[in-house]
Amino acid sequence: QVQLVESGGALVQPGGSLRLSCAASGITFTSYTMGWYRQAPGKQRELVAMIGIGGTTEYVDSVKGRFTISRDNAKSTIYLQMNSLMSEDTAVYYCNAHTVVRFQSINYWGQGTQVTVSS
């Protein structure tokens, strides 16, 4: 049974920091590209950051220089360090695990963790 369990979401003031975690189980973690997505009320889910099998990272432009994604393969866990948070970062953040097997795309999702940036 595959599980992605996010944690770390909270209410934080503008300019503050948070670190999200996502612990994976039931998958061969080192075979998966891992990512963080977010969905704000009334908006589509968007990719925030991703980290490949080899550690290559990509970020949406709006978080570059503020957010850092990392992975700990020994713990089957990814992190999202979020600094200089803004109200626009308010959303439910979801962890994603992605791989391709025999040309078929496989995706797993966590249940989401709420991040609210407000004074």
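Anything mentioned here points back to the structure above.
Let us look at the structure shown here. (Residues numbered from 1 in each chain as written. Predicted model: local features only at pLDDT ≥ 70, side-chain atom pairs only at ≥ 80, totals over all residues. Heavy atoms only, no water.)

## Topic: the sheet that holds strand β8 (residues 77-82)
Pairing is antiparallel across the open sheet formed by four strands, whose spatial order is β1-β3-β8-β7. Two strands close off the open sheet at either side, each with one partner strand: β1 (3-7) and β7 (67-72). For this sheet the average axis-to-axis angle between neighbouring strands, irrespective of direction, equals 15 degrees. (Pairing = 2+ DSSP bridges. Helix = DSSP H or I, 4+ residues; strand = E, 2+ residues; numbered from the N terminus. Axes fitted to C-alpha atoms, helices over the stretch in contact; angles between N-to-C directions.)

## Here's the deal with the pattern of salt bridges
Applying the stated criterion to the full structure yields four salt bridges. Notably, a salt bridge pairs Arg38 with Glu46, separated by 2.7 Å at the nearest N-O pair. Arg38 sits in the buried class, given a relative accessible area of 6%. The partner of Asp89 in a salt bridge is Arg38, and the shortest N-O contact between them spans 3.0 Å. Within this pair, whereas Asp89 is found in the loop between β8 and β9 (91-101), its partner Arg38 is found in strand β4 (residues 33-39), the two being separated by 51 residues in sequence. Accessibility assignment for this pair places Asp89 and Arg38 in one class, buried. (Salt bridge = Lys/Arg side-chain N within 4 Å of Asp/Glu carboxyl O. Buried < 20%, exposed > 50% of the residue type's maximum accessible area, 1.4 Å probe, protein only.)

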